[in-house]
Amino acid sequence: MRIPANPVLARELLVTLRSRTSYILQFLYIIALGALVYFAWPAAETTTRAVGPGKARTLFDIFFLGQFFLVALVAPAFAASGISGEKERKTYEMLLCSPLKPSAILVGKLASALGYLVVLILSSLPIMILCYVLGGLLLSEVVRGYLILILAAGTFGLVSTACSSYFRRTGSALVVSYLVILPLALLCVGLTRSDSPDVREFASLALLPPWCIAAWLVLSILVGRRLLHPPDLGSEGKDVIDEQEELKHAIGVVIDRDLFPDKLFAPAKRTDLMPDGANPVLDKELRSEIFSQGTLMLRVVIQVSMLLSIPLMAVLLFLQSERAAVYVAYVLTFNLLVGPVFSAGSITQERERQTMSLLLTTLLRPVDIVTAKLLAAFRVSTVLTFLLTEQMMLAYIMLQELRGRFWTLIVFLLIIAVTCLATSTLGLFFSALARRTGTAMVLTYLALLVLFVLPMGVVRYFEGDRSFSDSQLAAIAITSPYSAAFGVPMHTGRVEPGMGQTMKITNPILINVFGVQVPNWVLFLAIYPPFCLICYLITCLVFRIRWWRAGGLG
Amino acid sequence: MIEVLNFSKRYGDFLAVDDLSFTIGKGEIFGFIGPNGAGKSTTIRFLATLLRPTSGEGRVNGHSVTADPMSVRRSIGFMPDDFGVYDGMKVWEFLDFFAVAYEIPRNQRRKIIAEVLELLDLSAKRDDYVSGLSKGMKQRLCLAKTLVHDPPVLILDEPASGLDPRARLEMKALLNELKQMGKTILISSHILSELADFCTSIGVIERGKLLAAGSIQEIEQQIRSHRVIKAQVMGDGRAAAEAIFRGDPHVRQIEAYDRTISAEFEGQDDDMARLLDRLINAGVRVHSFGEEPLSLEEVFMMITKGVVS
């Protein structure tokens, strides 16, 4: 099979190349990278081999991690809609009826989803080479970095395509992809960024490539089989879920709509009319199934996320409880990935499902619609994220060294809640701005990367640089929930029973605000609620101008 | 009830609707016809407050479409040509959703939902999931949705498209019922037979321009001078008859086959009688002679062919 003759790939590439957004994104990406190098480049007089190495390595590390994060985030965003998108557009059957082989469809979908990403990665090559010129880096390290990025892009893309072929909705495919990719990505970063060069070399050359290739093979065969004998063709009647029947075959978690905690995920269906004055959009959204597949998808998501968090909980909360903030970072990353899935599509999907014109010709005001969408997205993302915090609560109850500092748990939970609010609000904002869910999703992820992750990279780069004080560095990272979580004072090591009073506590990260030293997490908690409020008001305005006030559907 | 004044809509270089004006009186059923892409949906979306005009104004039930969209939304029931439904909702929930969105108090809602379900023959489907309904059922459900707040004006964009013949007939009967209820209806279609029976007036649009508007009789009057006459002769009189037809100054195009001659005729009744006289005087044995009744389809074809300007 020749790839250039693949019509699936040709169609997808044509659509990508026709959109102006892809060029603008690439342009911005290169400008951002260029700016980073320009500002990070050592001044002329200090460009000696003696100064270069440390800087070059930090720069390389930041590039590598940034790009790795980008791959983990964007590969599913592009690939998870590949096959489920065909199902949603109702073009799946036409595609399967054609004489195209399943392998050709798979290769076409994958290559088109990852092609753009690979172009983005490769466009950073000149800048990586600059790091190499600074000295202190081995060429083999640069090559290894790119090898890992390409392996990661392929693996994450295939995982997402596999999810896409298993689920009928892009939303479900995305959530499950992220759930699977998140621990894989953390593992990969852990292995390849290890302090020991031997571990790094072994992991990136001997361990990852064969495992990745084996995973590619297995996933390709599974997806190929599903494409050859699709069990989920046609939609007539299949959208209707018989929950009683589903419960009979349920494995593991069973969701009972009448029980309290389950009501949070899947409130009972209405049996009577809505009360007067109810916001119908909110009522509908709250009672609609999160994944539109009964409680099945919800149970899968809960079970997978619980399963994956258990080893992390064991290590980060019970064996090394001083690293609880790292576990919080895991929860935050989960929300960073999953939050936009529910909010970034909330307005664009009305348009894609062709229900927008029905909604807009009613008497509902923009503020009613936007508020309902925000609350619904916030609820789902918060409930799913807080599932992962149960382990934290358990650790705080069981471990003596944590029990004594119970207030830190409340701070962590507040940081997580505020992050949930931020991801939902930003997602909704871009959903009002964009015309397609895919665009809204990518824009949300980019904005969240800039707010949450980029400041951490900047701080890491300037660490030890005497021209910045610690307070100034902390101020740069004020928008990052990771920085806030790591700023919460924790004990420094395992405490034996009976020695609770003598344990050492880390210093809080303080920021100077008008002469007053304020812990960074306090500022984080203080700035986001008003930021989200402003963002919400702008969203209402954008929705009013762009959609509600005639013209959006033209 | 509905007024469109010099409405134009431009998308970049493309002029979708060009200076459109028409008026629909209370209780009228206005059929908006035109080929695909003529600008029907653009005009309808403008009246449904979903589209900002490049220029021009519209008024529905006395309210300005651009300045007071909320009052317009209160007055209209809108059914788009292509619409989706929400997953995981039952038929009654779907209607309750829109009833709440139209601010109908709870104590009236139960009765209204039962009534519209009854009217649209959906009572048996009350507890079915919306996403599991057939296309025809979904069309009816959407029509039910447009009626929950009992609007005086209904704006229906291709309500019968994609329906099978039976569902199409049922839709027709329904619209007739709504007509009896005194609603003002603007209905678009590219299939004329759907509209011919119950529309009180029609507007023909093509390439964004309104080619003709008025009652069906008025439009027939407009094209009266473009009637088609058909003559059947006995024996071998066709050649002679054809020669007389060709000699007539009012005859435009002639088609002759077997013993039949059919011609486009641009004259009045008098001219037609004179042509018949000439045929008889020339000894042609005329079996039948008369004007072909025009179907709405033919009217449409003639109008859109540019015969009427």
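Residues numbered from 1 in each chain as written. Chains lettered and ligands numbered in written order. Predicted model: local features only at pLDDT ≥ 70, side-chain atom pairs only at ≥ 80, totals over all residues. Heavy atoms only, no water.

Here we take up the overall build of chain A. The helix and strand tally for chain A stands at 25 helices and two strands. Sequence-distant contacts, at least 24 apart, represent 80% of the contacts inside chain A between residues at least 6 apart. When the accessible surface of chain A is summed, it comes to about 24,900 Å², and 69% of that surface belongs to carbon and sulfur atoms. (Helix = DSSP H or I, 4+ residues; strand = E, 2+ residues; numbered from the N terminus. Contact = heavy atoms within 4.5 Å. Areas by Shrake-Rupley, 256 points an atom, 1.4 Å probe, with all protein chains shown as cover.)

Residue and element names in this part refer to chain B. Here strand β1 (residues 2-11) pairs with strand β4 (residues 55-60) via five bridges, running antiparallel. The partner of Leu5 across the bridge, within β4, is Glu57. The pairing of β4 with strand β5 (residues 63-64) spans two bridges and is antiparallel. For Arg59, the partnering residue across the bridge sits in β5 and is Ser64. The hairpin turn running from β4 into β5, its antiparallel successor, is two residues long, and Asn61 in that turn takes a positive phi close to 55°. (Pairing = 2+ DSSP bridges.)

Right, let's get into the pattern of salt bridges. Residue and element names in this part refer to chain B. Applying the stated rule across the entire model yields 24 salt bridges over all chains. Here Asp150 makes a salt bridge to Lys183, at a shortest N to O gap of 2.5 Å. Here Lys183 lies in the loop between α6 (165-180) and β8 (184-189) and Asp150 lies in the loop between α5 (135-147) and β7 (153-157), a separation of 33 residues in the sequence. For Asp150, a relative accessible area of 54% gives the class exposed. For Lys183, a relative accessible area of 6% gives the class buried. Across the pair Arg278 and Asp248 runs a salt bridge, and its minimum N-O distance is 2.4 Å. (Salt bridge = Lys/Arg side-chain N within 4 Å of Asp/Glu carboxyl O. Buried < 20%, exposed > 50% of the residue type's maximum accessible area, 1.4 Å probe, protein only.)

This part takes up helix α6 (residues 102-122) of chain A. Along an α-helix, a turn takes 3.6 residues, which lines up residues three or four apart on a common side. For α6(A), spanning 21 residues, the distance from its first C-alpha to its last is 29 Å, which sits close to the expected 30 Å at 1.5 Å a residue. Of all the bends found along α6(A), the most pronounced is centred on Gly115(A) and spans about 35°. (Expected span 1.5 Å × (residues − 1). Bend = angle between axes of the 7 residues up to and from the residue.)

Moving on: the interface of chain A and chain B. On the side of chain B, 45 residues touch chain A, which itself brings 38 residues to the contact. Carbon and sulfur atoms supply 58% of the area buried between chain A and chain B, which totals about 3,800 Å² over both sides. Of all residues in chain A, Leu273(A), Leu358(A) and Leu363(A) give up the largest surface area on contact with chain B, accounting jointly for 22% of the area buried on that side. Where chain A touches chain B, the interface holds three salt bridges. The partner of Arg110(B) in a salt bridge is Asp272(A), with the nearest N and O atoms 3.0 Å apart. If you look at where chain A meets chain B, you find 15 residue pairs in polar contact (both at pLDDT 80 or more). Secondary-structure elements contributing two or more residues to the side of chain A that touches chain B are α13 (280-287), α17 (356-360) and α25 (520-548) of chain A. Here the side of chain A that touches chain B gets four residues from one element, more than from any other, and that element is α17(A). Residues of the side of chain A that touches chain B, tallied by class, amount to 16 nonpolar, ten polar and twelve charged. (Buried area = accessible area lost by both parts, 1.4 Å probe. Polar contact = N/O pair within 3.5 Å; in protein donor to acceptor, adjacent residues only side chain to side chain. Nonpolar A, V, L, I, M, F, W, Y, C, P; charged D, E, K, R; others polar.)

This brings us to the packing of aromatic side chains. Evaluated as defined, the whole model comprises 17 aromatic pairs over all chains. Centre to centre, the rings of Phe22(B) and Phe32(B) are 5.5 Å apart; their planes meet at 45°, and the pair counts as tilted. Residue Phe22(B) is located in strand β2 (residues 14-24), and its partner Phe32(B) is located in strand β3 (residues 29-33); the two are separated by ten residues in the primary sequence. Exposure class is identical for Phe22(B) and Phe32(B). Each is buried. Through a chain of ring-to-ring contacts, the aromatic side chains of Phe452(A), Phe524(A), Tyr528(A) and Phe531(A) assemble into a single cluster. The positively charged end of Lys87(A) is found above the aromatic ring belonging to Tyr92(A), 5.4 Å away from the centroid. Above the face of the Tyr86(B) ring, Lys284(A) is positioned so that its terminal group lies 4.0 Å from the ring centre. (Phe/Tyr/Trp six-rings, centres within 6.5 Å; stacked < 30°, edge-to-face > 60°. Lys NZ or Arg CZ within 6 Å of the ring centre and 35° of its normal.)

Attention now moves to the nonpolar core. Counting 235 residues, the largest nonpolar core has Phe412(A) and Phe94(B) as its most contacted members. Split by domain, the residues of this core number at least three in each of domain 1 (7-40 + 49-228) and domain 2 (262-269 + 279-468 + 530-548) of chain A. Excluding residues that lie within four positions of it along the chain, Phe412(A) makes contacts with Ala324(A), Ala325(A), Val328(A), Met392(A), Tyr396(A), Ala485(A), Val488(A) and Met490(A). (Core = buried A, V, L, I, M, F, W, Y, C linked by side-chain atoms within 4.5 Å. Domains from an automatic or database assignment.)

Geometric values such as these leave the question of function open.
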